[in-house]
Amino acid sequence: MLAELSPALIAEVKRAAKLLAAQSRICILTGAGISAESGIPTFRDKQTGLWENYGVEDLATPEAFTRDPKLVWSWYQWRRQMVADKAPNPAHHALAQWQYHAQTSDQQVTLITQNVDDLHEQAGSAVTHLHGHLWRNRCGQCEIPYQDQSRAAYDNQGTMSFDESLLSCPHCDGYIRPDIVWFGEALPVQAWQTAEEAAANCEVFISIGTSSLVYPAAGLAQLAKQNGAQVIEINPDPTPNTIVDITLSEKAGVILPLLIEEITTL
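Remember, it's a predicted structure, so these values are computed and weren't measured experimentally. (Residues numbered from 1 in each chain as written. Predicted model: local features only at pLDDT ≥ 70, side-chain atom pairs only at ≥ 80, totals over all residues. Heavy atoms only, no water.)

### Here's the deal with the environment of Val-127
Counting through the fold element by element, Val-127 comes out in the loop between helix H7 (119–123) and strand E3 (128–129). Residue classification places Val-127 among the buried positions, given a relative accessible area of 19%. (Helix = DSSP H or I, 4+ residues; strand = E, 2+ residues; numbered from the N terminus. Buried < 20%, exposed > 50% of the residue type's maximum accessible area, 1.4 Å probe, protein only.)

What follows is the structure, given as structure tokens:
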């Protein structure tokens, strides 16, 4: 497949692979772009159908849930239905392969994601989620996890559907909400600590499919750079980021399998 890429991009892939193969501590941050390649709309895409007249402030903030919990819960059940049949793409599988390969070498490959789907896990990766988990729920009041995760069922045609009726916490009677980090909420402490430590101590930081607009996650590349790391970006639409050392301007599903093949054969 290398032959299908431009000579300049092939050269950059080989340069990135040589750099990565020579280092032992790698930190990877994935964003919405890698999931979009599996058919999952990015959060910043325009809402469609029933949801096209709603904004982020109506659907993804604590205030929205307090104001209209049924609306917010229904939207997340709709999102779950949209994601339920999606599968990992070659980029997810390549990262899982790299982590597996690293177990038999001297490399430490830490994978951090801003995505709330479980496609990395489906592919076999160990991953830290900064923005929560679409398939988990917790109480909006006492925050205790709610075990009946997604309220999914199959209808007579075998189609998965999701119950939009509100659920109540058995401990405090508060409403159950998705275990997602909404706008205005803090990132989970342990996940953020893991991400900060990996970024600060890595020798190479790789940003994959993220716009580098959502902080504090967008600051991880800067943290890595400040501590002496090289920065690689994989994105068909590269960000105007002056700290990037190697830019691979192509879809992750194209670049990562090639990159991992190069790394594991060097």
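### Some words on the sheet that holds strand E11 (residues 246–248)
An order of E3-E2-E1-E9-E10-E11 is seen for the six strands of this open sheet, with the pairing classed as parallel. At either margin of the open sheet sits one strand with a lone partner, and together these are E3 and E11. Across five bridges, the pairing between strand E9 (residues 204–208) and strand E10 (residues 230–234) is parallel. Across the sheet, residue Phe-205 finds its bridge partner in E10, namely Val-231. Across the sheet, helix H6 (residues 90–102) lies against strand E1 (25–30), strand E2 (108–113) and E9, angled at about 150° from E2, the strand it touches most. Each of E9, E10 and E11 touches helix H10 (residues 252–265); the most contacted strand, E10, lies at about 130° to it. (Pairing = 2+ DSSP bridges. Contact = heavy atoms within 4.5 Å. Axes fitted to C-alpha atoms, helices over the stretch in contact; angles between N-to-C directions.)

### Remarks on the pairing of strand E4 (residues 132–139)
The buried fraction of E4 amounts to seven of the eight residues, a majority that puts the element mostly inside the structure. Where E4 lies against strand E8 (residues 176–180), five bridges are found, and the strand directions are antiparallel. Across the sheet, the residue bridging to Arg-138 is Arg-177, located in E8. Pairing analysis gives two bridges linking E4 to strand E5 (residues 145–146), with the strands arranged antiparallel. The partner of Asn-137 across the bridge, within E5, is Tyr-146. Joining the antiparallel neighbours E4 and E5 is a turn of five residues, in which Glu-143 adopts a positive phi near 70°.

Remember that the coordinates give geometry; whether it matters functionally is a separate question.
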